[in-house]
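# Survey of secondary and tertiary structure
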Amino acid sequence: QVQLVESGGGLVQAGGSLRLSCAASGSINSIRIMGWYRQAPGKQRVLVATITNGGSTNYVDSVKGRFTISRDNAKNTVYLQMNSLKPEDTAVYYCIAETIVSLTCNNYWGQGTQVTVSS
């Protein structure tokens, strides 16, 4: 089992910045990939960015060049630095951890943190 606690959401004006944090606890040695999803009102939850144990990153096209995902292994924490925010970035942001144990993959989710970007 992995527990994820997110923080850092809030209200910001367009063009501003926020940094989200996701602290993992529990069976952290089983985590293979961590990332962020977001869900806007009335829309499906979609992938924003991921980072592997080796540090490889992946981003959805709409955030490339504006968002940066990183991890601090000593703190078991993943960050999402969001710059040049746009109103369309408004959503609940969820942290995800993918684990693999005995060839079985599981996904664990945080509780979500609201990001609101005003125009």
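In short, a report on the structure. Nothing here was measured: the structure is a model prediction, and the numbers come from that model.

### Some words on the pattern of salt bridges
What the rule picks out here adds up to 4 salt bridges. The closest approach of N and O atoms between Arg-38 and Asp-89, which form a salt bridge, is 2.9 Å. With a gap of 51 residues between them, Arg-38 in strand β4 (residues 31-39) and Asp-89 in the loop between β8 (77-82) and β9 (91-101) connect regions that are remote in the sequence. Grouping residues by exposure puts Arg-38 and Asp-89 together as buried.

### Points about the pairing of strand β10 (residues 104-109)
Here 6 bridges tie β9 to β10, and the two strands are oriented antiparallel to one another. In the sheet register, Val-101 faces β10, and the bridge partner there is Thr-104. Once β9 ends, the chain turns through 2 residues before running back antiparallel as β10, passing Ser-102 with a positive phi of about 50 degrees.

### Thoughts on the sheet that holds strand β3 (residues 18-26)
One open sheet holds the 4 strands; their spatial order is β1-β3-β8-β7, and the pairing between them is antiparallel. Here the strands that pair on one side only, and so sit at the sheet edges, are β1 (2-7) and β7 (67-72). Mean inter-strand twist for the sheet, computed between neighbouring axes without regard to direction, equals 15 degrees. Examined bridge by bridge, β7 and β8 share 6 bridges and lie antiparallel to one another. Bridge pairing in β8 links Phe-67 to Met-82.

### Here we look at the side chain of Glu-6
Within the secondary structure, Glu-6 sits in strand β1. For the buried Glu-6, which has no salt bridge, the nearest side chain bearing the opposite charge is Arg-45, at an N-O separation of 7.6 Å. Within polar-contact distance, the side chain of Glu-6 engages the backbone nitrogen of Gly-112 at 2.5 Å.

### With respect to unusual backbone geometry
The residue Ser-84 is not glycine, and still its phi comes out positive at about 50 degrees. Checked against the element boundaries, Ser-84 lands in the loop between β8 and β9. Relative accessible area serves as the criterion here: at 41%, Ser-84 is assigned to the partly exposed category. In the Ramachandran plot, Leu-103 falls in the positive-phi region, its phi being about 65 degrees despite a non-glycine side chain. With respect to the helices, strands and loops of the structure, Leu-103 is situated in the loop between β9 and β10. Taking the relative accessible area as the measure of exposure, Leu-103 reaches 81% and is therefore exposed.

Procedures and definitions
Every chain's residues receive numbers from 1 upward, in the order its sequence appears when written. Given that the model is predicted, a residue must reach a pLDDT of at least 70 before its local features are reported, and side-chain atom pairs must reach 80 or more before they are shown or counted; all residues, however, enter totals for whole chains, interfaces and linings. Based on all heavy atoms of the structure, the side-chain values leave hydrogens and waters out of the count. Note on definitions: salt bridges are taken to be side-chain nitrogens of Lys or Arg within 4 Å of carboxyl oxygens of Asp or Glu. By definition, any uninterrupted DSSP run of H or I lasting at least four residues is a helix, any uninterrupted run of E lasting at least two residues is a strand, and each is numbered from the N terminus. Each residue's exposure class comes from its accessible area (1.4 Å probe, protein chains only) as a fraction of the maximum for that residue type: buried when under 20%, exposed when over 50%, partly exposed otherwise. Strand pairing follows a simple DSSP-based rule, namely that at least 2 bridges must link the two strands. Only the stretch in contact is used when fitting a helix axis, every axis being a line fitted to C-alpha atoms; angles between N-to-C directions are given from 0 to 180 degrees. We count Lys and Arg on the positive side and Asp and Glu on the negative side, and we leave His and both chain ends out. As used in this structure description, the phrase polar contact means that two N or O atoms lie within 3.5 Å; if the pair is within protein, one of them must be able to donate a hydrogen and the other to accept it, and residues adjacent in sequence are counted only when both atoms belong to side chains.

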